[in-house]
Amino acid sequence: MTDMMELMQVLCALDGVSGYEDGVREAIEGMIAPHVEEMTVDAMGSLIALKKGARAPARRLMVCAHTDEVGMLVFRITDEGLLKFVPVGTLDPRVLLGQRVRIGERRLPGVVAVKAIHLTSEAEKKISPPIDALYIDIGARSKKEAASHVRVGDPVMFDNEPGAFGEGRFRGKAIDDRLGCAVMVSLIRGNIPFDTWFAFSTCEEVGLRGASALTERVRPDMTLVLEGTSAGDMPSVRPDLRATRQGAGAVVSVADGGTVYNREVIEKMTCAADAAGIPWQPRSGMGGRTDSGSIHVRAGGSLTFGVSAPTRYIHSANNVVYMPDAKAVLDLTALFIATMGE
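Report follows, based on the coordinates. (Residues numbered from 1 in each chain as written. Predicted model: local features only at pLDDT ≥ 70, side-chain atom pairs only at ≥ 80, totals over all residues. Heavy atoms only, no water.)

**Remarks on helix H6 (residues 209-218)**
Then comes step 1: When we look at burial in H6, the residues that qualify are Gly210, Ala211, Ser212, Leu214, Thr215 and Val218.
Then comes step 2: Contacts from the buried residues of H6 go to strand E2 (47-51), strand E3 (61-66), strand E12 (196-201) and helix H8 (292-295).
Then comes step 3: Phi turns positive, to about 55°, at Arg219, one or two residues after H6. (Buried < 20%, exposed > 50% of the residue type's maximum accessible area, 1.4 Å probe, protein only. Helix = DSSP H or I, 4+ residues; strand = E, 2+ residues; numbered from the N terminus. Contact = heavy atoms within 4.5 Å.)

Here it is as structure tokens:
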């Protein structure tokens, strides 16, 4: 697991709001270039690589994870020099308050703020402020001064340092889905039994767009989609609403907002996982969707299998994952290639 932890440390520190993922892709290119047969970047910015295995598979295989993360875009600068913004991807305003952020290519520091409690009405104190009530303070004194550092359209990223956390856990932004990217990089660097296409897709958080384009290029018969998914093992979530929990292994999706996964593939892979001693758990919820929602209906159709790592506080500045669960995701991905290549 040292290799996975190191990869996540590097990948989660990179900035890659949807549509601004070049830095993440370029870092991954450098990691995998010596280990792949061919590598290309498509018009959407997705990275597609062919890793040669011991032999050709019976069906064309693809493993996919997305490089982008949720964040914000600057859309207006006020007369006071404050930045108004819009979310990129699904963001809960409650996770933004007081967060440090970085803006644009210069990674200008800022802080997400709202007016002080002393200035709020009694009615305002009873509700969570909406995103349009928030702003980013960069320390500028005027619109002119702020505009000399920031442009409308600049991406805004969470500013924190990823790393080991507690007992066997890892904390950082963008674990959704840099963990999936780390799994793929780890497998590409090693030996695999069958030729496999690895796709690092863009713009998943804003409509599964990169996956749509790259699937038309690769035209896979079988695809494994790697993700981070919400872990619900916390006191504020009713037990019957806890779709996944940390410590129970890799999460296998049955259905979500974009896909009803193939039952035969699920049965085959979960039986193989049991035989190999890989811990897994079913995802007992329908919320959200993954790149599978695009992949399984493109290029004539592809059978998809969804595997995720249960992640606490997803789509925030501080995601938390349990590393033995991440190891189970890695092992199940390797097993997918070995099983479905036959």
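We are not done yet, so read on.
**Comments concerning the layout of surface pockets**
Then comes step 1: If you add up the space inside the largest pocket, you get close to 800 Å³.
Then comes step 2: Contributing to the lining of the largest pocket are 30 residues, with Thr90, Ser230, Gly288, Ile314 and His315 lying nearest its centre.
Then comes step 3: Those elements that provide at least two residues to the lining of the largest pocket are strand E13 (222-230) and strand E16 (303-312).
Then comes step 4: When residues of the lining of the largest pocket are assigned to their parent elements, the largest contribution, 4 residues, is made by E13.
Then comes step 5: Taken together, the residues of the lining of the largest pocket sort by class into 8 nonpolar, 13 polar and 9 charged.
Then comes step 6: Empty space within the second largest pocket amounts to approximately 400 Å³.
Then comes step 7: Of all the secondary-structure elements, those providing two or more residues to the lining of the second largest pocket are helix H2 (22-32) and strand E9 (155-158).
Then comes step 8: Among the elements that make up the lining of the second largest pocket, the one with the highest residue count is H2 (3 residues).
Then comes step 9: Taken together, the residues of the lining of the second largest pocket sort by class into 10 nonpolar, 4 polar and 8 charged. (1 Å grid on protein atoms, 1.4 Å probe; cavity = no way out; pocket = protein on both sides within 12 Å on 5 of 7 lines; lining within 4 Å. Points joined across faces, edges and corners; volume = space filled by probe spheres on them. Nonpolar A, V, L, I, M, F, W, Y, C, P; charged D, E, K, R; others polar.)

**What to know about the nonpolar core**
Then comes step 1: In this structure, Ile32, Leu179, Phe200, Phe305 and Leu332 are the most contacted members of the largest nonpolar core, which totals 55 residues.
Then comes step 2: Looking at this core, the element that brings in the most residues is helix H9 (residues 323-340), giving 10 residues.
Then comes step 3: The next biggest cluster of nonpolar side chains, apart from the first, holds 22 residues, and it includes Val74, Leu83, Leu134 and Phe158. (Core = buried A, V, L, I, M, F, W, Y, C linked by side-chain atoms within 4.5 Å.)

**A closer look at the pattern of salt bridges**
Then comes step 1: Applying the stated rule across the entire model yields 18 salt bridges.
Then comes step 2: Asp159 is paired through a salt bridge with Arg102; the nearest N and O atoms lie 2.7 Å apart. Separated by 57 residues along the polypeptide, Asp159 in the loop between E9 and strand E10 (163-165) and Arg102 in strand E6 (residues 100-103) bring together distant segments of the chain.
Then comes step 3: Assessed through its relative accessible area of 22%, Asp159 is described here as partly exposed.
Then comes step 4: Look at Arg102 and you get buried, because its relative accessible area is 8%. (Salt bridge = Lys/Arg side-chain N within 4 Å of Asp/Glu carboxyl O.)

**Some remarks on a nonpolar patch on the surface**
Then comes step 1: A contiguous nonpolar patch, built from Phe75, Val86 and Val152 and spanning about 260 Å² of accessible area, is present on the exposed surface.
Then comes step 2: Its location among the elements puts Phe75 in strand E4 (residues 71-77). (Patch = residues over 30% accessible without salt bridge, like charges linked within 9 Å, V, L, I, M, F, W, Y side chains within 5 Å. Areas by Shrake-Rupley, 256 points an atom, 1.4 Å probe, with all protein chains shown as cover.)

**Some words on the environment of Ala147**
Then comes step 1: Mapped onto the elements of the fold, Ala147 is located in helix H4 (residues 143-147).
Then comes step 2: Of the residues examined, Ala147 reaches a relative accessible area of 42% and is grouped as partly exposed.
Then comes step 3: With 65 residues separating them in the primary sequence, Ala147 and Leu82 have C-alpha atoms 9.9 Å apart.

**What about the side chain of Ser292?**
Then comes step 1: Considering the arrangement of structural elements, one finds Ser292 in helix H8.
Then comes step 2: At 3.0 Å, the side chain of Ser292 forms a polar contact with the side chain of Thr259.
Then comes step 3: When neighbours within four sequence positions are excluded, Ser292 is seen to be in contact with Val225, Thr259, Tyr261 and Thr304. (Polar contact = N/O pair within 3.5 Å; in protein donor to acceptor, adjacent residues only side chain to side chain.)

**Some words on the side chain of Asn160**
Then comes step 1: Mapping Asn160 onto the fold places it in the loop between E9 and E10.
Then comes step 2: In this structure the side chain of Asn160 is engaged in a polar contact, spanning 2.3 Å, whose partner is the backbone oxygen of Ala317.
Then comes step 3: In terms of polar contacts, Asn160 uses its side chain to reach the side chain of Asn318, at 3.1 Å.
Then comes step 4: Filtering out sequence-adjacent residues up to four positions away, Asn160 remains in contact with Arg102, Arg171, Gly172, Lys173, Ala317 and Asn318.

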